[in-house]
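Residues per chain, in single letters:
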Amino acid sequence: MYIILLGPPGAGKGTQAQELARSLGVPHVASGELLREARQKGTELGLKAGSYMDKGLLVPNEIIVGIFLERLGQPDADKGAVLDGFPRSQDQARILEKALKSRERDIGKVIYMRVSNQELIRRLAGRWLCRRCQTPYHTVSSPPKVAGHCDVCGGELYQRSDDKEETVRKRLDVYHQETAPLVEYYRKQGNLVEVEGEGNIEAVSRALLALVA
Ligand code: ADP
Ligand code: ADP
Ligand code: ZN
């Protein structure tokens, strides 16, 4: 079961993907995490990707496609995965389809998480992430039990440099230009299901689980 979580930056993909993946018994594969990891390791691709990420732009396919498909080809993703952050363009959607087809696999559902721009800006301004396990928190809607530390692993929390307002606005523009057309693309293919992403975390969780049950 390959599930794509589709939605703008801040929609709650990362927040929901972990539990969804656990309940399906498949890994959560997040393109942004893979890129941030490559950046931290200082690999050539990682450093190249960084200059695009800091501007709020999509990184070129030459950088992301290989990294993402390699992760998706690992044995733990053989039966399925929750895809978060990929595909982000129609080109990437076609590349993914071909890759899965060559492995005799198919996309199951594409879940579109709908959230207004105003709420996205509020969410991203207050987002903190665990440096160790990437769990997202929010200063208001999902604060950690101990300030500055992850509930799951105790790791240190940090704010992403691309979550500053100016870069967030750019990322939302890029989303509407390049990624939002995927909603219609998958609707036409008959894979699309929608959830109202604006409710609280538990309500969205329940809605998602009901969709994949
Ligand atoms: P968010 O979860 O806030 O939407 P991500 O962590 O998914 O952000 O992505 C962070 C950045 O990484 C993006 O702004 C973009 O520069 C880059 N990125 C992630 N996934 C892709 C992708 N599929 N194609 C191109 N760039 C990507
Ligand atoms: P994405 O991966 O789609 O970019 P995240 O899962 O990182 O989004 O969530 C963005 C921010 O919004 C985080 O700070 C997270 O704690 C918070 N958040 C996620 N879901 C909700 C929700 N349903 N209501 C309020 N805040 C949320
Ligand atoms: Zn953690």
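Small disclaimer: the values here were computed from a predicted structure and weren't measured.

## Topic: the coordination of the zinc ion (ligand 3)
Each pair of donors in an ideal four-coordinate tetrahedral metal site encloses 109.5 degrees, whereas pairs in an ideal six-coordinate octahedral site enclose 90 or 180 degrees.
So, step 1. Protein-derived ligands of the zinc ion (ligand 3) are Cys130 (SG), Cys133 (SG), Cys150 (SG) and Cys153 (SG), with the metal-ligand distances lying across 2.3 to 2.4 Å.
So, step 2. The sequence pattern formed by the donor residues of the zinc ion (ligand 3) is C-x2-C-x16-C-x2-C.
So, step 3. With relative accessibility at 5%, the residue Cys150 sits in the buried group.

## A look at the sheet that holds strand 7 (residues 157–158)
So, step 1. With antiparallel pairing, 3 strands are arranged side by side in an open sheet as 6-5-7. Unpaired on one side and paired on the other, strand 6 (136–138) and strand 7 mark the two borders of the sheet.
So, step 2. In this sheet, strand 6 lies alongside strand 5 (residues 127–130) in antiparallel orientation, the contact comprising 3 bridges. Counterpart to Leu129 in the pairing with strand 6 is Pro136.

## Focus on the pattern of salt bridges
Two side chains carrying opposite charge are able to pair once their charged atoms lie near each other.
So, step 1. In the structure shown here, the tally under the stated rule is 20 salt bridges.
So, step 2. The salt bridge involving Glu196 is made with Arg114; its shortest N-O contact spans 3.4 Å. With a gap of 82 residues between them, Glu196 in strand 8 (residues 192–196) and Arg114 in strand 4 (residues 107–114) connect regions that are remote in the sequence.
So, step 3. Several salt bridges share partner residues, and in doing so they unite Arg114, Glu184, Arg187, Glu194 and Glu196 into one network.

## Regarding the site of ligand 2
So, step 1. Surveying the vicinity of ligand 2 reveals 19 residues, the closest of which are Gly10, Lys13, Thr15, Arg127 and Tyr137.
So, step 2. At 3.4 Å from a nitrogen atom of ligand 2 is found a side-chain nitrogen or oxygen belonging to Arg123.
So, step 3. If ligand 2 stood free it would expose 570 Å²; the protein chains cover 94% of that surface.
So, step 4. Listing elements by their share of the shell around ligand 2, those giving two or more residues are helix 1 (13–24), helix 6 (117–125) and strand 6.
So, step 5. Grouping the constituent residues of the shell around ligand 2 by class yields 6 nonpolar, 9 polar and 4 charged.

## Focus: the side chain of Arg127
So, step 1. Relative to the elements of secondary structure, Arg127 occurs in strand 5.
So, step 2. At 2.8 Å, the side chain of Arg127 and the side chain of Asp163 are in polar contact.
So, step 3. When near neighbours in sequence (up to four residues on either side) are disregarded, Arg127 contacts Tyr137, His138, Tyr158, Gln159, Arg160, Asp163 and Arg171.

The rules behind these values
- Residues numbered from 1 in each chain as written.
- Chains lettered and ligands numbered in written order.
- Predicted model: local features only at pLDDT ≥ 70, side-chain atom pairs only at ≥ 80, totals over all residues.
- Heavy atoms only, no water.
- Donors = N, O, S within 2.8 Å, 3.2 Å for Na, K, Ca; no water.
- Buried < 20%, exposed > 50% of the residue type's maximum accessible area, 1.4 Å probe, protein only.
- Pairing = 2+ DSSP bridges.
- Helix = DSSP H or I, 4+ residues; strand = E, 2+ residues; numbered from the N terminus.
- Salt bridge = Lys/Arg side-chain N within 4 Å of Asp/Glu carboxyl O.
- Near = heavy atom within 4 Å.
- Polar contact = N/O pair within 3.5 Å; in protein donor to acceptor, adjacent residues only side chain to side chain.
- Areas by Shrake-Rupley, 256 points an atom, 1.4 Å probe, with all protein chains shown as cover.
- Nonpolar A, V, L, I, M, F, W, Y, C, P; charged D, E, K, R; others polar.
- Contact = heavy atoms within 4.5 Å.

The values reported here are purely geometric and, on their own, carry no functional implication.
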